[in-house]
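# Summary of structural features
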Amino acid sequence: MSKDESPKNIIVGGKKADFTSILVHRLRNPLTETKWTLSALLSGDYGILNEEQEKSLKKCYGGNDIAISMVNDLLNLDRLKANNTEYNDSPVKIAGLVETIISGFSARAKHKNISLTFDRKTDTGETVYSNPEKIRAILENLLENAINYSLVGDPIEVGLVSSPQEVTVTVKDKGIGIPEAEQKNIFTEFYRATNAIRHERSGAGLGLYIVKKIAEGQGGKVWFESQEGKGTTFFFTIPTNKAVS
Ligand code: ADP
């Protein structure tokens, strides 16, 4: 059997796609629908809930969010491997994009009583040479982690600093931190630190691996500073000009 006839490859919209990635893609819709239904139930749209019902639904909501995040990780990984042309770079206005991405997390932060603020030290016209989907994939992963690995009420601050060569985005939390001995492994595919597993049992350990690939793929860097029990700050840079190759 030739490679094209393999049952693992099917044709979608004229393009060959891997069967697994199509299934993963299809999983996103029902998961998102479940999210909105649970959210409506939790906000009392179908009647007032008793304490026990609310507690169980909140658990479902959290579990569903984790499943959505894993699906997103797999989709991002897939896009990276496919070297998708949707990912072509061009000048992007960074401050407005960061603000929009952060606003998508306000409900989740509120759910955990977390104040999520944006400290921008750049004018609104500042541009980077990238792609909004790449920046979204990086920042969403870092924000998801910051919320997941924070305790109820811990604040999270996003910052933006620019220089002529690059813009640096920071995500600072006061959560569980990363044990020093494990910090060297944190960008490795499927690695999860011991304290993270204790704190949040689910997680694929794929997010930061993807973040690093995307950031470095566009000529940027990603790193962090962390102290166990005190918190973590992630930094990533995006060049302001097209990388000269
Ligand atoms: P996941 O969150 O699914 O486990 P990631 O690749 O996003 O996978 O992160 C890898 C590991 O890095 C996490 O399991 C956790 O140990 C650690 N980590 C990432 N972000 C944070 C953070 N903000 N605070 C504490 N630990 C973190």
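Scroll up for the structure.
Everything in this summary refers to the structure shown in the same document. Note that the coordinates shown come from a computational prediction; the quantities given were computed from them, not determined experimentally. Residue numbering note: each chain is counted from 1, following its sequence as written. Predicted model: local features are reported for residues with pLDDT of at least 70 only, side-chain atom pairs are reported and counted for 80 or more only, and whole-chain, interface and lining totals are derived from all residues. Side-chain metrics in this entry use all non-hydrogen atoms of the structure; hydrogen atoms and water are not considered.

## Description of the packing of helix 5 (residues 132–148) against helix 7 (residues 207–217)
For the pair helix 5 and helix 7, the least separation of the axes is 9 Å and the interaxial angle reads 150°. Every pair of crossing elements has a handedness; the one defined by helix 5 and helix 7 is left-handed. Between helix 5 and helix 7, the contacting residues are K134, A137, I138, N141, L142 and N145 on the first element and G207, L208, V211, I214 and A215 on the second. Residues are grouped as follows: Ala, Val, Leu, Ile, Met, Phe, Trp, Tyr, Cys and Pro are nonpolar; Asp, Glu, Lys and Arg are charged; every other residue, Gly included, is polar. A breakdown of the residues in the contact of helix 5 with helix 7 according to their chemical character gives 7 nonpolar, 3 polar and 1 charged. Angles here are taken between N-to-C directions and fall from 0 to 180 degrees, while the axes themselves are lines fitted to C-alpha atoms, restricted in helices to the stretch in contact. Helix and strand assignments follow DSSP, with helices taken as H or I runs no shorter than four residues and strands as E runs no shorter than two, numbered in order from the N terminus. Crossing handedness is defined as follows: a turn of the near helix away from the far one that is anticlockwise and smaller than a right angle gives a left-handed crossing, while the clockwise case is right-handed. Throughout, a contact is declared for two residues whenever any of their heavy atoms are within 4.5 Å.

## Notes on the layout of surface pockets
The volume enclosed by the largest pocket comes to roughly 1100 Å³. With a 1 Å grid spanning the protein atoms alone, the term cavity applies to any set of points in which a 1.4 Å probe fits but cannot get out, the term pocket to an open set with protein on both sides within 12 Å along at least five of seven lines, and the term lining residue to any residue with an atom within 4 Å of a point. Looking at the largest pocket, it is lined by 45 residues, and the ones nearest its centre are E144, I147, N148, Y149 and E200. Listing elements by their share of the lining of the largest pocket, those giving two or more residues are helix 2 (51–82), helix 4 (106–111), helix 5, strand 7 (166–173), helix 6 (194–199), helix 7 and strand 9 (231–239). Looking at which element gives the most residues to the lining of the largest pocket, the answer is helix 2, with 10 residues. Of the residues in the lining of the largest pocket, the class split is 19 nonpolar, 16 polar and 10 charged. Grid points are joined across faces, edges and corners, and a volume is the space filled by probe spheres set on the points.

## Things to note about the environment of I22
Relative to the assigned elements, I22 resides in helix 1 (residues 19–42). For each residue, the accessible area found with a 1.4 Å probe, counting protein chains only, is set against the maximum for its type, and the residue is called buried under 20%, exposed over 50%, and partly exposed in between. The exposure class assigned to I22 is buried, which follows from its relative accessible area of 11%. The spatial distance from the C-alpha of I22 to the C-alpha of L75 is 9.4 Å, given a sequence separation of 53 residues.

## Quick word on helix 1
For an α-helix, the turn length of 3.6 residues means that residues three or four places apart are oriented alike. The length a helix should cover is 1.5 Å for every residue beyond the first. Its 24 residues place the ends of helix 1 35 Å apart at the C-alpha level, agreeing with the 34 Å of an ideal helix rising 1.5 Å per residue. Those residues of helix 1 that sit buried are S21, I22, V24, L31, K35, L38 and A40.

## Remarks on the environment of G44
Looking at the element boundaries, G44 is found in the loop between helix 1 and helix 2. Sequence spacing of G44 and E54 is 10 residues, and the spatial spacing of their C-alpha atoms is 9.6 Å.

## Topic: the environment of T237
Structurally, the position occupied by T237 is in strand 9. Counting along the chain gives 19 residues from T237 to Q218, while the straight-line C-alpha distance between them is 9.5 Å. With near-sequence residues (within four places) excluded, T237 lies in contact with E166, V167, T168, G220, K221 and W223. Of note is the side chain of T237, whose polar atom sits 2.9 Å from the backbone nitrogen of K221. Polar contact is the term for a pair of N or O atoms within 3.5 Å; when the atoms are in protein, one must be able to donate a hydrogen and the other to accept it, and sequence-neighboring residues count only if both atoms are side-chain atoms.

## Let's talk about the sheet that holds strand 8 (residues 222–227)
What links the strands of a sheet is backbone hydrogen bonding, and the strands pair in either a parallel or an antiparallel sense. If DSSP finds at least two bridges between two strands, the strands pair. If you trace the 5 strands from one edge of the open sheet to the other, you get 4-6-7-9-8, paired in mixed fashion. Taken across any chain shown, the strands that pair with only one partner, and hence form the sheet edges, are strand 4 (116–121) and strand 8. Direction aside, neighbouring strands of the sheet carry axes that sit 15° apart on average. Judged from the 6 bridges that link them, strand 8 and strand 9 form a sheet pairing that is antiparallel. Looking at strand 9, one finds that Q227 is bridged to G231.

## Re the site of the ligand
Summary of the distance rule: residues count as near a molecule or strand when at least one heavy atom falls within 4 Å of that molecule or strand. As a structural note, the neighbourhood of the ligand is formed by 19 residues, with N145, Y149, D173, R192 and L208 the closest of them. Here an oxygen atom of the ligand and a side-chain polar atom of N145 are 2.8 Å apart. Interatomic distance of 2.8 Å between a backbone N/O atom of L208 and an oxygen atom of the ligand. Against a free-state accessible area of 530 Å², the protein chains account for coverage of 96% of the ligand. For a molecule to be placed in a cavity or pocket, more than half of its atoms must lie within 2 Å of the grid points of that cavity or pocket. Here the ligand is seated within the largest pocket. Mapped by element, the contributors of at least two residues to the shell around the ligand are helix 5, helix 7 and strand 9. Residues of the shell around the ligand, tallied by class, amount to 11 nonpolar, 6 polar and 2 charged. Only the protein chains shown count as cover for residues, and all accessible areas are computed by the Shrake-Rupley method using a 1.4 Å probe.

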